[in-house]
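# Per-entry structural report
The residues making up each chain are set out below.
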Amino acid sequence: MNLRNKKELVARMLGVGVSRVWIHPDYLDVVSDAVTADDIRKLIKEKIIRIKPKKGVCRYRARLRLMKKKRGRLRGHGSRKGKKSARLDPKRQWIIRVRAQRRYLRMLRDKGLLEPSTYQKLRRMVKGGAFRSLRHLKSYIKENSLLKEEVISLG
């Protein structure tokens, strides 16, 4: 007994997909006898024809992955796709790098380990992108011995 047409009619009437229409298996002959849309409405009222609930997508596994990623897992080389710049854009990298260098210079100046003129010079160099990283800046300061020698007072 082919009830495809009836299912399509119900789906159109109720605005759902054909796959969600359920017909009670004990009343197939009653449904096949139904001709008009009114007959179908009566069958829906009598619960012989029902609409299955929507199938959702289970987010359980996705949430687990997200929690693990927040804790820093699942971020190794094998999980990466795209360039380094796709994961953290170059401008953001620049901002992080420059802020770290400026913070370090400010700390040296506030402790009195840098002359104001040296501080300004280094700050301009940081702005110009002269240093690859904070470590590079530190090595430059050390190589050129730009730190003031701390005067040890004999108390």
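For the structure itself, look to the data block above.
Along each chain, residues carry numbers from 1 onward, in the same order as the chain's sequence is written. This being a predicted model, a pLDDT of at least 70 is required before a residue's local features are given, and a value of 80 or more before pairs of side-chain atoms are given or counted; all residues contribute to the totals for chains, interfaces and linings. Note that the side-chain values use all heavy atoms of the structure and ignore hydrogens as well as water.

Here we take up the packing of helix α6 (residues 90–110) against helix α8 (residues 134–143). The interhelical angle for the contact between α6 and α8, taken along N-to-C directions, is 35°, at an axis separation of 9 Å. In the crossing of α6 with α8, the sense of the turn from one axis to the other is right-handed. In contact with Ala 100, Gln 101, Tyr 104, Leu 105 and Leu 108 of α6, α8 contributes Leu 134, Leu 137, Lys 138 and Ile 141. For this classification, Asp, Glu, Lys and Arg are treated as charged, while Ala, Val, Leu, Ile, Met, Phe, Trp, Tyr, Cys and Pro are nonpolar and the rest, including Gly, are polar. When its residues are assigned to classes, the contact of α6 with α8 shows seven nonpolar, one polar and one charged. In this description, a line fitted to the C-alpha atoms serves as the axis of each element, helices being fitted only across the stretch in contact, and the angle between N-to-C directions of two axes falls anywhere from 0 to 180 degrees. Think of it this way: any DSSP run of H or I at least four residues long counts as a helix, any run of E at least two long counts as a strand, and we number them from the N terminus. By convention the crossing between two helices is left-handed if the near helix lies anticlockwise of the far one by an angle smaller than a right angle, and right-handed if it lies clockwise. Two residues form a contact once any of their heavy atoms are found within 4.5 Å.

Residues enter a patch when their relative accessible area is above 30% and they make no salt bridge; the linking distance is 9 Å between like charges and 5 Å between nonpolar side chains (Val, Leu, Ile, Met, Phe, Trp, Tyr). For the area figures, the Shrake-Rupley method with a 1.4 Å probe applies, and any residue is considered shielded solely by the protein chains shown. Salt bridges are identified by distance alone: a Lys or Arg side-chain nitrogen within 4 Å of an Asp or Glu carboxyl oxygen. There is a patch of nonpolar side chains on the surface, built from Tyr 60, Leu 64 and Met 67 and spanning about 300 Å² of accessible area. Counting through the fold element by element, Met 67 comes out in helix α4 (residues 60–70).

Before going further, it helps to examine unusual backbone geometry. Phi at Lys 47 is positive, roughly 65°, even though this residue is not glycine. Within the chain, Leu 74 stands out as a residue other than glycine whose phi angle is a positive 60°. The residue Leu 74 is located in the loop between α4 and α5 (84–87) in this model.

Here we come to the nonpolar core. Throughout this description, the term nonpolar core refers to a set of buried Ala, Val, Leu, Ile, Met, Phe, Trp, Tyr and Cys residues connected via side-chain atoms within 4.5 Å. Relative accessible area decides the class of each residue, using a 1.4 Å probe on protein chains only: under 20% of the type maximum gives buried, over 50% gives exposed, and in between gives partly exposed. Grouped together as the largest cluster of nonpolar side chains are 13 residues, with contacts concentrated most on Leu 105, Leu 108, Leu 114, Leu 122, Leu 137 and Ile 141. Of all elements in the fold, only α6, α7 (116–127) and α8 reach the threshold of two or more residues within this core. For this core, the element with the highest residue contribution is α6, accounting for four residues. When near neighbours in sequence (up to four residues on either side) are disregarded, Leu 114 contacts Leu 105, Leu 108, Arg 109, Tyr 119, Leu 122, Leu 146, Leu 147 and Lys 148.

Our focus in this paragraph is helix α1 (residues 4–14). Every buried residue of α1 is accounted for by Lys 6, Val 10 and Ala 11. Seen along its axis, α1 keeps its buried residues to an arc of 135°; they face one direction. Turned more than 90 degrees away from the buried face of α1, the exposed residues are Asn 5 and Arg 12. Close packing links the buried residues of α1 with β1 (21–23), α2 (28–33), α3 (37–45) and β2 (49–51). Of the residues flanking the end of α1, it is Gly 15, one or two places downstream, whose phi is positive at about 70°. As used here, the arc belongs to the directions running from the helix axis to the C-beta atoms.

So, about the pattern of salt bridges. Going through the model one piece at a time under the given rule, you end up with four salt bridges. Notably, a salt bridge pairs Lys 148 with Glu 115, separated by 3.8 Å at the nearest N-O pair. Pair noted here: Lys 148 is in the segment after α8 and Glu 115 is in the loop between α6 and α7, with a separation of 33 residues, a long-range link. For Glu 115, a relative accessible area of 37% puts it in the partly exposed group.

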